[in-house]
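Read off the chains here:
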Amino acid sequence: KAGVTQTPRYLIKTRGQQVTLSCSPISGHRSVSWYQQTPGQGLQFLFEYFSETQRNKGNFPGRFSGRQFSNSRSEMNVSTLELGDSALYLCASSFGDWNSNEQFFGPGTRLTVL
Amino acid sequence: AQSVAQPEDQVNVAEGNPLTVKCTYSVSGNPYLFWYVQYPNRGLQFLLKYITGDNLVKGSYGFEAEFNKSQTSFHLKKPSALVSDSALYFCAVRFDTGRRALTFGSGTRLQVQP
């Protein structure tokens with residue numbers, strides 16, 4: 001079974017631009033979560049989707065948004081990029097929406113904002 | 001509020017020796033506890049989880065973890081370390097009700113010397 005895939009793997013943008021990152025979960029998984037990983041702040045939760053509905057949102061500004069499609073694929077969008085948005089963005093999927101489910105992570109998208 | 005602490009930024013151990021990576025969590029319900037490992041330029045890989053039942057949980061690659069409710073700890077252990085175990089290890093917690101997002105510790109870098 002294929003794992004979680006994320007595209008693109010690397011991205012370079014300039015301040016003020018916007019970016020869209022894509023995540024394809026493991027086949028059959030309906031829950032997708034997004035995390036931001038930086039050296040200073042560590043791993044921080046962005047949002048979670050289940051069956052096309054946002055179930056949870058972390059403490060990030062409104063510039064960060066996401067959505068999930070009927071095939072469970074998810075995208076996240078960051079508008080008006082800032083230097084501090086440079087990070088590794090990780091997507092994770094799980095089978096159901098139970099809190100006991102482990103999440104399976106993709107390789108991440110490395111975003112650099114210049 | 002849920003939180004998890006990894007008190008050691010780095011753990012050094014000689015190959016063949018036992019290793020322990022520490023994790024403690026704050027209590028506001030019944031915790032679900034997870035360990036993940038991250039290799040350079042890779043996403044997080046699931047190692048093991050505690051949901052309920054036996055306090056000693058066995059996971060991938062020979063790792064195990066012991067849940068201690070009185071000490072609110074979930075330390076990761078391995079009887080004999082390998083050089084290939086060198087990586088970044090994250091403990092994460094989620095509670096059985098309420099907030100569904102995984103809360104991660106700050107990570108512990110394990111260095112196994114040959």
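Check the entry above for the structure.
Definitions and cut-offs
Once a new chain begins, its residue numbering starts again from 1 and follows that chain's sequence as written. Naming scheme: in the order in which they are written, chains are lettered from A and ligands are numbered from 1. Under the rules for a predicted model, residues below a pLDDT of 70 receive no local features and side-chain atom pairs below 80 are neither given nor counted, while totals for whole chains, interfaces and linings still include all residues. Neither water nor hydrogens contribute to the side-chain values; these are computed over all heavy atoms in the structure. Each cavity reported here is a set of points on a 1 Å grid over the protein atoms alone in which a 1.4 Å probe fits but cannot get out, each pocket an open set with protein on both sides within 12 Å along at least five of seven lines, and each lining residue one with an atom within 4 Å of a point. Grid points are joined across faces, edges and corners, and a volume is the space filled by probe spheres set on the points. In this description a helix means any DSSP run of H or I spanning at least four residues, a strand means any run of E spanning at least two, and both kinds are numbered starting from the N terminus. Any two residues whose heavy atoms approach within 4.5 Å are treated as being in contact. By convention in this document, the label disulfide applies to cysteine sulfur atom pairs within 2.5 Å. Partly exposed residues are those whose accessible area sits between 20% and 50% of the maximum for their type, while under 20% is buried and over 50% is exposed, using a 1.4 Å probe and protein chains only. By definition, a salt bridge exists where a carboxyl oxygen of Asp or Glu is found within 4 Å of a side-chain nitrogen of Lys or Arg. Two strands form a pair only when DSSP identifies at least two bridges running between them. Polar contacts, as counted here, are pairs of nitrogen or oxygen atoms within 3.5 Å of one another; within protein the pair requires one atom able to donate a hydrogen and one able to accept it, and residues that are adjacent in sequence qualify only if both atoms are side-chain atoms. Between N-to-C directions, angles span 0 to 180 degrees; the directions come from axes that are lines fitted to C-alpha atoms, helices contributing only their stretch in contact.

## A word on the layout of surface pockets
Size it by volume and the largest pocket reaches roughly 410 Å³. Along the wall of the largest pocket there are 18 residues; nearest its centre are A:Q37, A:P39, B:Q38, B:L88 and B:R109.

## A short note on the environment of B:T24
Residues and elements named next belong to chain B. Its location among the elements puts T24 in strand β4 (residues 24-25). Along the primary structure T24 and L56 are separated by 32 residues, whereas in three dimensions their C-alpha atoms are 15 Å apart. Discounting chain neighbours no more than four positions away, the residues touching T24 are S3, V4, A5, T72, S73 and H75.

## Examining the state of the cysteines
Throughout the structure, instances matching the rule amount to two disulfides over all chains. The partner cysteine of A:C23 in its disulfide is A:C91, sulfur to sulfur 1.8 Å. Of note, the bridge from A:C23 to A:C91 carries an S-S torsion of about -55° and is left-handed in sense. With A:C23 in strand β3 (residues 19-24) and A:C91 in strand β9 (residues 87-94), this pair connects stretches of sequence that are 68 residues apart. Like A:C23, the residue A:C91 is buried in the burial classification. There is a disulfide in this structure between B:C23 and B:C91, and the S-S distance comes to 2.0 Å. Negative torsions about the S-S bond denote left-handed disulfides, and the value of about -60° found for B:C23 with B:C91 makes this one left-handed. Taken together, the residues span a long stretch of sequence, with B:C23 in the loop between β3 (19-21) and β4 and B:C91 in strand β10 (residues 87-95) at a distance of 68 residues. Side by side, B:C23 and B:C91 carry an identical accessibility label, which is buried.

## Examining the pattern of salt bridges
This model, assessed by the stated rule, comprises eight salt bridges over all chains. The salt bridge involving A:R67 is made with A:E75; its shortest N-O contact spans 3.3 Å. The shortest N-O distance in the salt bridge between B:K58 and B:E64 comes to 2.9 Å. On the basis of relative accessible area, B:K58 is assigned to the exposed category, the value being 63%. Bridged by salt links that share partners, the residues A:R63, A:E82 and A:D85 form one connected network.

## Observations regarding the pairing of strand β12 (residues 108-113) of chain B
All names here are of chain B. Residues T108, L110 and V112 point to one face of β12 and are all buried, whereas R109, Q111 and Q113, pointing to the other face, are not buried. Strand direction decides the pairing type here: strand β2 (residues 10-14) and β12, joined by five bridges, are parallel. Bridging from a neighbouring strand, N12 pairs with Q111 of β12.

## A look at the environment of B:A92
Structurally, B:A92 is set in strand β10. Not counting residues up to four positions away in its chain, the partners in contact with B:A92 are B:Y32, B:L33, B:F34, B:L102, B:T103 and B:F104.

## Brief notes about the side chain of A:Q103
Residue position: A:Q103 is located in the loop between β9 and β10 (104-105). Among the polar contacts listed, one links the side chain of A:Q103 to the side chain of A:Y35, at a separation of 2.9 Å. Among residues more than four places away in sequence, those in contact with A:Q103 are A:S33, A:Y35, A:A92, A:S93, A:S94, B:Y36, B:F46, B:R94 and B:L102.

## Some words on the sheet that holds strand β1 (residues 5-7) of chain A
Residue and element names in this part refer to chain A. The strand order across the open sheet formed by four strands is β1-β3-β8-β7, and the pairing between neighbours is antiparallel. Because the sheet does not close on itself, it has two edges, and the strands there are β1 and β7 (64-68). Going across the sheet, the axis of each strand differs from the next one's by a mean of 20°, ignoring polarity. Pairing analysis gives five bridges linking β3 to strand β8 (residues 74-78), with the strands arranged antiparallel. Each bridged residue has a counterpart across the sheet, and for V19 the counterpart in β8 is V78.

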